Amino acid sequence: MKFGIATFVTDEGIRPGPLGRALEERGFDSVFLAEHSHIPSSRESPYPGGGDLPRVYYRTLDPFVALTAMAATTTDLLLGTGIVLLPQRDVIHTAKSAASLDLVSGGRLLFGVGAGWNREEMRNHGVDPATRGPLMTEQLHALKALWTQEEAEFHGEHVHLDRSFCRPKPVREPHPPIYLGGESGAALNRLAEVGDGWLPRGHLPIDEIRRVRAELADRGRPDVPTTVFAVPPEPAAVAGYADAGIERVTFLLPTLPESETLTKLDELAQVTRVAQGAR
C-alpha cells in the first residue's frame, strides 16, 4: 500500500515548492492537485459535497505550474493531477504542458483526468455538458497520439487533429499513466477503453470498488491500478483498502499556512505508520 496526499494548492496556503519537499521528507509517495479554471458567479451547479462551495475552489493554482514547482524541490515524489478537467482544456496545449512536466520531473507525472461537475464552468469554455464525456474520450485518444507518434493525427466526432509534430514527448513510456476519475457507468466505460488507472473518490464503498475491479477484469482489464482520492485518515479504513488490493490511498490535506500544514502532515504521516504496522 502506497500513501499520497490530495489537496488544493491556492494563493492562501503553503507554496507548492515547500509542500512538495515536506511530503517527500515524510515518506508520502505522491501528491494529487485539484483544478478549476474559474468559478462562475451564478453558482447554478450544486456543489457535490453539499452546502456552500468551499473557498479553495475559487483560488486554485494551475496544476501544471504548481506541480512543476514541486518537481524542482523533490526527487522521487510522484506528481498527480487530481483531476484535470480535460473537456475544458485545449487538447494540444494540454499534451504539451503534461509532457513538459513529465520531462522536467524525470517521468514522475500521474495524469488524473475527469469530466467535471460544474456545468456553467464548462459552458464558459464552450463545452456542452451533455457531450463532455464523449469529448473527453476523444481527447484522450488524441493525447495518446500526440505523446507517442512522431506525426500525430486523430479524427473523431468532437476532436480533429491533422498530422502534426508535437514535442517534447513524455519521459514515461509509452506515456504518463492516465488515471480516470469518476464512478458512473460512462466513466467506467471510458476507463476500460482508454484508461491506465482508476481514481475513485473516498466516499465510494469498498465493496463497490471490489465490484468495479472485478467487472474490469471480466472486460479484459485485470489488476487496473487504483488510487482512492481523499480517504478518511483512519488505520482501520486504510486496512480495508489494502485488503481490496488498492494500490494507493490519498488523504485530503486542508489548505493551510505553511506551519499549520507541516503539523497536519506530521499527523497524517503518523496515520500511515500505524496503518503499516497494523498490516
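In case you missed it, the structure is sitting above this.
Summary of the structure given here.

Rules used throughout
- Each chain carries its own residue numbering, running from 1 in the written order of its sequence.
- Where totals are concerned, whole chains, interfaces and linings use all residues; where local detail is concerned, this predicted model gives features only for residues with pLDDT of at least 70, and gives and counts side-chain atom pairs only at 80 or more.
- Note that the side-chain values use all heavy atoms of the structure and ignore hydrogens as well as water.
- One side-chain nitrogen of Lys or Arg within 4 Å of one carboxyl oxygen of Asp or Glu is enough to make a salt bridge.
- Here a strand is any run of E in DSSP of at least two residues, a helix any run of H or I of at least four, and the numbering for each starts at the N terminus.
- For each residue, the accessible area found with a 1.4 Å probe, counting protein chains only, is set against the maximum for its type, and the residue is called buried under 20%, exposed over 50%, and partly exposed in between.
- Nonpolar cores were defined as sets of buried Ala, Val, Leu, Ile, Met, Phe, Trp, Tyr and Cys residues, with membership established by side-chain atoms within 4.5 Å.
- Any pair of residues with heavy atoms lying within 4.5 Å of one another is described as a contacting pair.
- N or O atoms closer than or at 3.5 Å make up a polar contact, with two conditions inside protein: a donor-capable atom paired with an acceptor-capable one, and, for residues adjacent in sequence, both atoms drawn from side chains.

Here we take up the pattern of salt bridges. Counted under the stated rule, the structure contains 19 salt bridges. Between Arg55 and Glu12 there is a salt bridge, and its shortest N-O distance comes to 2.6 Å. One end of the pair, Arg55, is in the loop between β2 (30-33) and α2 (63-72); the other, Glu12, is in the loop between β1 (2-7) and α1 (16-25), with 43 residues separating them in the sequence. The exposure class of Arg55 is exposed, given its relative accessible area of 52%. By relative accessible area, Glu12 is classed as partly exposed at 38%. Taken together, the salt bridges that share partners define one network made up of Asp11, Glu12, Arg55 and Arg59.

Mapped onto the elements of the fold, Glu260 is located in helix α9 (residues 258-278). With relative accessibility at 42%, the residue Glu260 sits in the partly exposed group. Distance in space between the C-alpha atoms of Glu260 and Gln276 is 25 Å, their sequence separation being 16 residues.

We now examine the nonpolar core. Formed by 69 residues in total, the largest nonpolar core has its most connected members in Phe28, Phe111, Leu140 and Phe251. When residues of this core are assigned to their parent elements, the largest contribution, eight residues, is made by helix α5 (residues 132-148). Once residues lying within four places of it in the same chain are set aside, the contact partners of Phe28 are Phe3, Gly4, Ile5, Leu23, Leu77, Phe251, Leu265, Leu268, Ala269 and Thr272.

A word on the side chain of Thr226. Mapped onto the secondary structure, Thr226 falls in the loop between α7 (206-218) and β10 (227-231). A polar side-chain atom of Thr226 sits 3.1 Å from the main-chain carbonyl oxygen of Val224. With residues near it in sequence (within four places) discarded, Thr226 still touches Trp198, Pro200, Arg213, Ile246, Glu247 and Arg248.

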